[in-house]
Amino acid sequence: MILIAGAIWLGLVVWDLASYRSAIQERPLASVSIYEIEPQVFDLTLVDSEGEEERFVVKGDQWQLDVRMLVWTGPLLALGKEPLYRFDRLSGRYLSLEQERSAPRTVYGFGGSEGFDVWSWLRNYDLWLDADFGSAVYMPMENGAVFSVVRTTKGLVARPVNDVAESAIAGQW
């Protein structure tokens, strides 16, 4: 019975890990294109590293992309195993504290774990896979701006891709 339970548990772990992607360093994980619909309402297009495109209507002054990271440690890190990632959520943020408290918020969740969540389970244990390396990026929303979300040795970084994105961050960052 213990072997059967262990096999079922291992199957659930492998099933959940299959929903993560390899995060090769300095490789773009996604691009975010922004188009203004009306003031503080934007159409965001997120294209992941595999070319899958999703569109979202996001309210606010900034967009934020949260990512779950699984980083190998110990001997697996020494063998060159790349970190794994999965998009967690995309949301809008307001610059004004008053608006942040009272204005309508937009938050979109991405596909999560089915049945067993390895990331949540690993946060309680110190194994060869570190789930505490979660990361998020945020940037201003400006009509026509395009950003690239890249994993670096320090975590996620959003980089401007075009002149509109460059000018949007020039005075703020």
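Right above here is the structure, for reference.
Residues numbered from 1 in each chain as written. Predicted model: local features only at pLDDT ≥ 70, side-chain atom pairs only at ≥ 80, totals over all residues. Heavy atoms only, no water.

A word on the pairing of strand β5 (residues 62-72). Across the 11 residues that make up β5, a large majority, 11, are buried. Here β5 shows no split at all, with Gln-62, Gln-64, Asp-66, Arg-68, Leu-70 and Trp-72 on one side and Trp-63, Leu-65, Val-67, Met-69 and Val-71 on the other all buried. Here β5 pairs with strand β6 (residues 84-93) via 9 bridges, running antiparallel. Residue pairing in the sheet places Gln-64 in a bridge with Ser-91 of β6. Note that β5 and strand β9 (residues 135-140) share 6 bridges and pair antiparallel. Counterpart to Gln-64 in the pairing with β9 is Tyr-138. (Buried < 20%, exposed > 50% of the residue type's maximum accessible area, 1.4 Å probe, protein only. Helix = DSSP H or I, 4+ residues; strand = E, 2+ residues; numbered from the N terminus. Pairing = 2+ DSSP bridges.)

Below, the discussion takes up the nonpolar core. Looking at soluble globular proteins, one finds that nonpolar side chains tend to be buried together. Ranked by size, the top nonpolar core spans 28 residues in total, and within it Ile-34, Leu-44, Trp-63 and Leu-65 carry the most contacts. If one sorts the elements of this core by residue count, β5 sits on top with 5 residues. Discounting residues that sit within four places of it in the chain, Leu-44 has contacts with Val-32, Ser-33, Ile-34, Glu-54, Arg-55, Phe-56, Val-58, Trp-63, Leu-90 and Met-141. (Core = buried A, V, L, I, M, F, W, Y, C linked by side-chain atoms within 4.5 Å. Contact = heavy atoms within 4.5 Å.)

A separate point is unusual backbone geometry. Note: most residues except glycine have negative phi, and most peptide bonds are trans. The phi torsion at Gln-40 lies on the positive side, around 60 degrees, for a residue other than glycine. Here Gln-40 shows up in the loop between β2 (28-38) and β3 (41-48).

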